Amino acid sequence: RDSGTHIDSPPLFQKKISQGSGGWRDLMERWWRWRECGCSNVGGLNQDAVFSLAVVRIPTHCPPSSAGEICAFKIHGQELPFEAVVLNKTSGEGRLRAKSPIDCELQKEYTFIIQAYDCGAGPRETAWKKSHKAVVHIQVKDVNEFAPTFKEPAYKAVVTEGKIYDSILQVEAVDEDCSPQYSQICNYEIVTTDVPFAIDRNGNIRNTEKLSYDKQRQYEILVTAYDCGQKPAAQDTLVQVDVKPVCKPGWQDWAKRIEYQPGSGSMPLFPSIHLETCDGAVSSLQITAELQTNYIGKGCDRETYSEKSLQKLCGASSGIIDLLPSPSAATNWTAGLLVDSSEMIFKFDGRQGAKIPDGIVPKNLTDQFTITMWMKHGPSPGVRAEKETILCNSDKTEMNRHHYALYVHNCRLVFLLRKDFDQADTFRPAEFHWKLDQICDKEWHYYVINVEFPVVTLYMDGATYEPYLVTNDWPIHPSHIAMQLTVGACWQGGEVTKPRFAQFFHGSLASLTIRPGKMESQKVISCLQACKEGLDINSLESLGQGIKYHFNPSQSTLVMEGDDVGNINRALQKVSYINSRQFPTAGVRRLKVSSKVQCFGEDVCISIPDIDAYVMVLQAIEPRITLRGTDSFWRPAAQFESARGVVLFPDIKIVSTFAKAEAPGDVKTTAPKSAVLEEMLHNLDFCDILVLGGDLDPRQECLELNHSELHQRHLDATNSTAGYSIYGVGSMSRYEQVLHHIRYRNWRPASLEARRFRIKCSELNGRYTSNEFNVEVSVLHEVRVSDKEHVNHLIVQPPFLQSVHHPEARSSIQRSSVVPSIATVVIIISVCMLVFVVAMGVYRVRIAHQHFIQEAEAAKEAEMDWDDSALTITVNPMEVILMQCRELWEEEEEVEEDISSSSSDSDDSEDEEEEEVVGRGRHGQSGARQAQLEWDDSTLPY
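The chain goes by Calsyntenin 2 in an unreviewed UniProt entry, where it is assigned to Prolemur simus. If you open the UniProt record of the chain and go to Function (unreviewed entry), you find "Postsynaptic adhesion molecule that binds to presynaptic neurexins to mediate synapse formation, and which is involved in learning and memory. Promotes synapse development by acting as a cell adhesion molecule at the postsynaptic membrane, which associates with neurexin-alpha at the presynaptic membrane."

Structure (structure tokens):
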């Protein structure tokens, strides 16, 4: 050993070393060498000490006093939040501490290396000796600072009623704490009370009893969670459980009531409908949609115009004879029948019939004619039912032969036609039989019998049917017995003690017509029976592939087929209801949808219940038809006698309005809102002109209208002594133009003072009618005076328009110079007020004269030739009085200004003015004045 040198050995961390290891012997040898140097104590360690958490230094010889101290600890690692400080250099005791807050959620544990350094031999740290590396492992203890949170803010589940579920759904919560004690969810709990649900510690929710769709369709429950430290969730979660009924195959999402607003066009019936098959394997599907309108009118909503108007509207040839017209003075044979006036439907109860007057239908119908009708008929009562006559032409007296007849017998429609011997003399077809189910189904059907003898064809609802049985018979022997045409029964004139009706009809009839000499075309027949409402498909191009569809002729039934449920759903969503009438019949239309399903190779397939819905057609806005124009006027007698006559309605105007509620303004206003009238356009079907005060005398008066005016506007008219009737479906402007040409003529107007007429128009066969507009036309009579009279003057009629004479005018004016001015003023004012009242009465006379001048110029009538020797002049005496009053007023003002200075001069001037005024005022008195009047021809009215 070298006492001058010091052999430093590195410091060692004390640790427990098992006996027999090499480190223990090395340490002991060094320790003995250290003892030989005379160091009895090494860092406080004796030979009996056990190694602990201290650091010792064992040099090879005895060092100086500072060489055995520990000066620092060094931690190896990047950005570690720890530091080691020396507490005792001699003993080597140190402390490991955190430099910043430790967060378990950021890092649960740390592992790093630490080394110790002695103080060294010199002042610099480079001479320090370091120990071996020791590994430090630190675990961070967690604090329960976070509450559980659910992964979803809300949960939703759907369950089927009547089942107990092990788990309906699972809720899940998490905790951000780092330790297993605080980060794990140990329990879930349902906060909502009195609900049939439970939850386990894993978050599975189940129902504790069977749920009922009818009892409650939806449940909302709140659920909370607890961690293992029993800290509850910061916010509960909402769980919504919807209960659906037991899956039953059928159509979903459709409304039972469907409202239809008139004028809205084609409206989808089931815009959101879809089929629930409950996972059934469907291979094909057939859908039948049926609109049931048999209780609306005559089977559906049709135009309710009269039969003549409908025939005209559909382009039928003229010559139709209506056998069941509306009861009126001219068509009174239907007055005793039961009738539904709204639709002109006649009901026969088996006890009544109607006789058609002679001359309505010609005796010879020829070999071509057509019979049309609407009929509703049920099964005949009894086993052997009697014939039920619809139309019958039989002998009126003596015999009981049927020449032609249409009747129902045992639900068979039979048409009988027997020719006379003068028409045929061989065995010919006489009875034609049709057997159809529709004849006794208690539904409305449209029948057309086209006769082109010997061929007879039946059209029912537009379809053609040939007779299944035709029987022959001999012609009828000629005779001079008159025939009786009847409806609803057959007239039995012979073989009975008293002629009577027989073979009564039980059912309803409407629009029974006969057209001699012509047959109806298929186009006209289809038009007459066409419905104005039905089913429709919006956008046929957008139907899915593989969809087949079919409509019946009236479009009341639709059949669709397909093999894909999705395409069928989309196709049914496009089915719509349409009503093309401007004023449809309000009420219910039942709607039924039935389904037939086929499945893939299965004996049992799903059954789809029918859809029973209805379309509610709302009430249309009712129009208010108003007629207005000049309601009274005068015309000269000569115009009544002329070939053109007097135009009755020169300026008539037809306007239709409806009341529209005014848009609400201030919602706080409690006053009722006034209705606003808006004009609307629609058709008319007739206008009747009635004569008031007695019928027309055809010997001296009539109403006239050029037929060309009607034909140009596709209208017809009938004329009688009671008035004039214009009918046919046409616009209001067409009717206005025709009414402007209605003329009244009278060949003997001398005894006529005035004639009054009333006009009334209708839409939809009287469903909407106008006001009753009255017109009075008066006659202006001319009175001629003698040619010997020097002054010609006309006394104007009516009598209240007479010449006004003022013989006292001169004396009154003469006294004006001496009467006080205040009295004069009162007299003048009184006279002027009287003049004003009379002038207002005369005003209407002058307007009538001016109107006549304008009409005469428009008609371009020939000018009248005047005879100067018998010149008559109409003088309005009110003009004379007004002029006289005005001059008197001016005179009074002048008198008041000059009375003080020149009263005598004023009197003279007043006398002159008085003479001039009186001379003008008395021109109507024949021979009273000698002064001559000079007339200006340019101002004469005629």
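Q: Hey, could you run me through the overall build of the chain in this one?
A: Within the chain one finds 12 helices and 57 strands. Looking at the chain as a whole, 41% of its 942 residues are labelled buried. For the chain, long-range pairs separated by at least 24 residues make up 71% of all intrachain contacts whose partners lie at least 6 apart in sequence. Summed over all atoms, the accessible surface of the chain reaches about 51,700 Å², with 50% contributed by carbon and sulfur.

Q: Looking at this structure, how should I read unusual backbone geometry?
A: Along the chain, F453 connects to P454 via a cis peptide bond; the corresponding omega equals 10 degrees. Structurally, the position occupied by P454 is in the loop between β31 (444–452) and β32 (455–460). The backbone of D253 sits at a positive phi, close to 60 degrees, despite the residue not being glycine. Mapped onto the fold, D253 is located in the loop between β17 (250–252) and β18 (257–260). Using a relative accessible area of 52% as the deciding quantity, one classes D253 as exposed. Of note in this structure, K442 is not a glycine but carries a positive phi near 60 degrees. Note on placement: K442 falls in the loop between β30 (428–435) and β31.

Q: What is the right way to look at the nonpolar core in this model?
A: Soluble, globular proteins show a tendency: their nonpolar side chains are buried together. Core analysis: the largest hydrophobic core is formed by 56 residues, its most contacted members being I654, L703, I726 and I742. Beyond its immediate chain neighbours, meaning those up to four positions away, I654 contacts I625, T626, L627, L684, M732, Y735, E736, L739 and C761. Grouped together as the second largest cluster of nonpolar side chains are 42 residues, F348, M375, L391 and L406 included.

Q: What exactly am I supposed to notice about the sheet that holds strand β13 (residues 197–199) here?
A: Within a sheet, each strand pairs with its neighbour through backbone hydrogen bonds, oriented either parallel or antiparallel. An order of β10-β14-β13 is seen for the 3 strands of this open sheet, with the pairing classed as antiparallel. Two strands bound the open sheet, and with one partner strand each, they are β10 (169–170) and β13. Two strands pair when backbone bridges link them, and β13 and strand β14 (residues 204–207) are joined in this way by 3 bridges, in the antiparallel orientation. What sits directly across from A198, in β14, is R206.

Q: Would you mind showing me how to read a nonpolar patch on the surface here?
A: A cluster of nonpolar side chains, namely V191, L222 and L238, defines an oily patch on the protein surface of about 190 Å² accessible area. Within the secondary structure, V191 is located in the loop between β12 (185–190) and β13.

Q: How should I be thinking about the sheet that holds strand β42 (residues 575–579) in this particular structure?
A: Spatial strand order, β19-β42-β39: 3 strands in an open sheet with antiparallel pairing. In the strand order of this sheet, the two ends are held by β19 (267–268) and β39 (533–537), each with one partner. Relative to β42, β39 runs antiparallel, the two being bridged by 5 bridges. What sits directly across from E533, in β42, is N579.

Q: Before we go on, may I ask you to explain helix α4 (residues 522–529) in this structure?
A: Given 3.6 residues per turn, any residue in an α-helix points the same way as the ones three and four places further on. Within the sequence span of α4, burial applies to V524, I525, L528 and Q529. Projection of α4 onto a plane perpendicular to its axis shows the buried side chains occupying an angular sector of 120 degrees, all on one side. Against the buried residues of α4 lie α3 (307–313), β26 (368–376), β31 and β32.

Q: Is there a simple way to explain the layout of surface pockets in this structure?
A: Remark: the empty space left among the atoms is shown by a probe the size of a water molecule rolled over them. In this structure, the largest pocket occupies an estimated 1,200 Å³ of space. Around the largest pocket, the lining is made up of 41 residues, and of these P325, S326, S328, T331 and S725 lie nearest the centre. For the lining of the largest pocket, the secondary structure elements donating two or more residues are α3, β22 (321–322), β38 (506–516), β50 (683–692), β52 (716–720) and β53 (723–731). It is β50 that contributes the most residues to the lining of the largest pocket, 5 residues altogether.

Q: Would you mind showing me how to read helix α8 (residues 732–739) here?
A: Looking at α8, one finds that the buried residues are M732, Y735, E736, V738 and L739. Considered in projection along α8, the buried side chains sweep an arc of 165 degrees and stay on one side of the axis.

Q: Help me understand the pattern of salt bridges in this model?
A: Where charged atoms from two side chains of opposite charge approach closely, those side chains can pair. Taken as a whole, this structure holds 20 salt bridges when the rule is applied. One salt bridge connects E709 with R713, and the closest N-O pair in it is separated by 2.9 Å. Just as E709 is buried, R713 falls in that class too. Linked through salt bridges whose partners overlap, the residues forming this network are D301, E533, R581 and R589.

Q: Mind showing me how you'd approach the environment of K231 here?
A: On the secondary structure map, K231 appears in the loop between β15 (218–227) and β16 (237–244). Since its relative accessible area comes to 28%, K231 is described here as partly exposed. Sequence separation between K231 and I185 is 46 residues; the distance between their C-alpha atoms is 9.5 Å. Not counting residues up to four positions away in its chain, the partners in contact with K231 are N144, E145, F146, A147, P148, A225 and Y226.

Q: How do you make sense of the confidence of the model for the chain when you look at a structure like this?
A: Where the model shows low pLDDT, its predicted coordinates should not be examined in detail. In this model, the chain carries an average pLDDT of 77, and 73% of its residues clear a pLDDT of 70 or more. Ignoring residues within four places in sequence, the model shows residues 1–22, a span with pLDDT below 50, making 46 contacts including any to other chains.

Q: What is the right way to read the environment of F427 from this model?
A: Looking at the element boundaries, F427 is found in the loop between β29 (412–417) and β30. Filtering out sequence-adjacent residues up to four positions away, F427 remains in contact with N472, D473 and W474.

Q: Even after reading the chapter, I still don't get the state of the cysteines, so can you show me in this structure?
A: Linking two cysteines covalently via their sulfur atoms produces the bond known as a disulfide. For the structure shown, the criterion picks out 10 disulfides. Put simply, C71 and C119 are joined by a disulfide, and their sulfur atoms are 1.7 Å apart. Between C71 and C119 the disulfide shows an S-S torsion of about 105 degrees. By sign, it is right-handed. Of this pair, C71 sits in strand β3 (residues 70–76) while C119 sits in the loop between β6 (109–118) and β7 (134–139), and the two are 48 residues apart along the sequence.

Conventions adopted
Residues take numbers from 1 onward in each chain, read along the sequence in its written order. In keeping with the predicted nature of the model, local features appear solely for residues at pLDDT of at least 70, side-chain atom pairs appear and are counted solely at 80 or more, and the whole-chain, interface and lining totals rest on all residues. Here the side-chain values reflect all heavy atoms present in the structure, with hydrogen atoms and water set aside. UniProt positions are given in the numbering used here, feature names are shortened, and annotations may be inferred rather than shown by experiment. Only DSSP runs of H or I with at least four residues qualify as helices, and only runs of E with at least two residues qualify as strands; both kinds are numbered from the N terminus onward. Type-normalised accessible area, obtained with a 1.4 Å probe on protein chains alone, sets the label of each residue: buried when under 20%, exposed when over 50%, and partly exposed for intermediate values. Here a residue-residue contact requires only that any non-hydrogen atoms of the pair lie within 4.5 Å. All accessibility values rest on the Shrake-Rupley procedure with a 1.4 Å probe; residue burial counts only the protein chains present in the view. Take the buried residues of types Ala, Val, Leu, Ile, Met, Phe, Trp, Tyr and Cys, join any two whose side-chain atoms come within 4.5 Å, and each joined set is a nonpolar core. A pair of strands is labelled paired if DSSP reports no fewer than 2 bridges between them. For patches, a residue must show more than 30% relative accessible area and have no salt bridge; joins then use 9 Å for like charges and 5 Å for nonpolar side chains, namely Val, Leu, Ile, Met, Phe, Trp and Tyr. In the sections that follow, a salt bridge refers to a side-chain nitrogen of Lys or Arg positioned within 4 Å of a carboxyl oxygen of Asp or Glu. Each direction from the helix axis to a C-beta atom contributes to the arc, which is the arc of those directions. Only protein atoms enter the 1 Å grid, on which a cavity is a set of points fitting a 1.4 Å probe that cannot get out and a pocket is an open set with protein on both sides within 12 Å along at least 5 of 7 lines, lining residues being those with an atom within 4 Å of a point. Grid points are joined across faces, edges and corners, and a volume is the space filled by probe spheres set on the points. Across the chain, each position has a pLDDT score giving the predictor's confidence in that residue, from 0 to 100. Cysteine sulfurs are considered disulfide-paired once they come within 2.5 Å of each other.

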